[in-house]
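Fold and contact review
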Amino acid sequence: DLVATRYGVRCQGATCIALTKMDVMGYMDKIPVCAHYELDGKVTDEFPFPCVLPDAKPVMEYLPGWKCDIRGITDYNALPQQAKAYVDFLESRIGYPITLVSTGPKRHEITHRATKL
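Residues numbered from 1 in each chain as written. Predicted model: local features only at pLDDT ≥ 70, side-chain atom pairs only at ≥ 80, totals over all residues. Heavy atoms only, no water.

Looking now at the pattern of salt bridges. A complete count under the given rule lists six salt bridges for this structure. Ionic pairing is found between E46 and R10, a salt bridge with its closest N-O pair at 3.8 Å. Pair noted here: E46 is in the loop between β3 (42-44) and β4 (57-64) and R10 is in helix α1 (residues 2-12), with a separation of 36 residues, a long-range link. Classification of R10 by relative accessible area gives partly exposed; the value is 42%. Between R71 and E109 there is a salt bridge, with its nearest N and O atoms 3.3 Å apart. Here the residue R71 occupies a position in the loop between β4 and α2 (81-94), and E109 occupies one in the loop between β5 (98-102) and β6 (110-112), the gap between them amounting to 38 residues. Residues participating in the shared-partner salt-bridge network are D88, E91 and R113. (Salt bridge = Lys/Arg side-chain N within 4 Å of Asp/Glu carboxyl O. Helix = DSSP H or I, 4+ residues; strand = E, 2+ residues; numbered from the N terminus. Buried < 20%, exposed > 50% of the residue type's maximum accessible area, 1.4 Å probe, protein only.)

Two numbers describe how α1 lies on α2: the axes approach to 9 Å, and their chain directions differ by 60°. Judged on the interaxial angle alone, α2 and α1 are oblique. In this structure, α1 meets α2 at a crossing whose hand is right-handed. Here L2, T5 and R6 of α1 come into contact with α2, specifically with F89, L90, R93 and I94. The residue makeup of the contact of α1 with α2, split by class, is four nonpolar, one polar and two charged. (Axes fitted to C-alpha atoms, helices over the stretch in contact; angles between N-to-C directions. Parallel < 35°, antiparallel > 145°, perpendicular 65-115°, else oblique. Left-handed = near helix turned anticlockwise from the far one by under 90°. Contact = heavy atoms within 4.5 Å. Nonpolar A, V, L, I, M, F, W, Y, C, P; charged D, E, K, R; others polar.)

Turning our attention to the sheet that holds β6. If you trace the three strands from one edge of the open sheet to the other, you get β1-β5-β6, paired in mixed fashion. Single-partner strands in this sheet number two, and they are β1 (17-19) and β6. When strand polarity is set aside, the average angle formed by the axes of neighbouring strands in this sheet is 20°. Pairing of β1 with β5 involves three bridges; the strand directions are parallel. Directly across from A18, in β5, lies its bridge partner L100. (Pairing = 2+ DSSP bridges.)

Here's what the structure looks like:
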């Protein structure tokens, strides 16, 4: 959920993002991303006030999956192009750098990423 993530990063005062669970999406043909909300017939990129959140409908976009196992990859450049495109898409839409990408549940299964922002 890009809208909620952007709001959460702003509220926390974070300066960068760690993206987790990339390895569990390796089987998917396409990756759903909540890119916006629709509220009262209007599309918005702003997180709704809690009292109207139940009325907000997610507006989804779909990105191509990478269809392979990336578990344990520690070199960001070794990730499939579709996985890197997914990270680039998220980063550009959230507006904060994604500097860590986890590729598995273990501590060492992580990549460090130079950002473009």
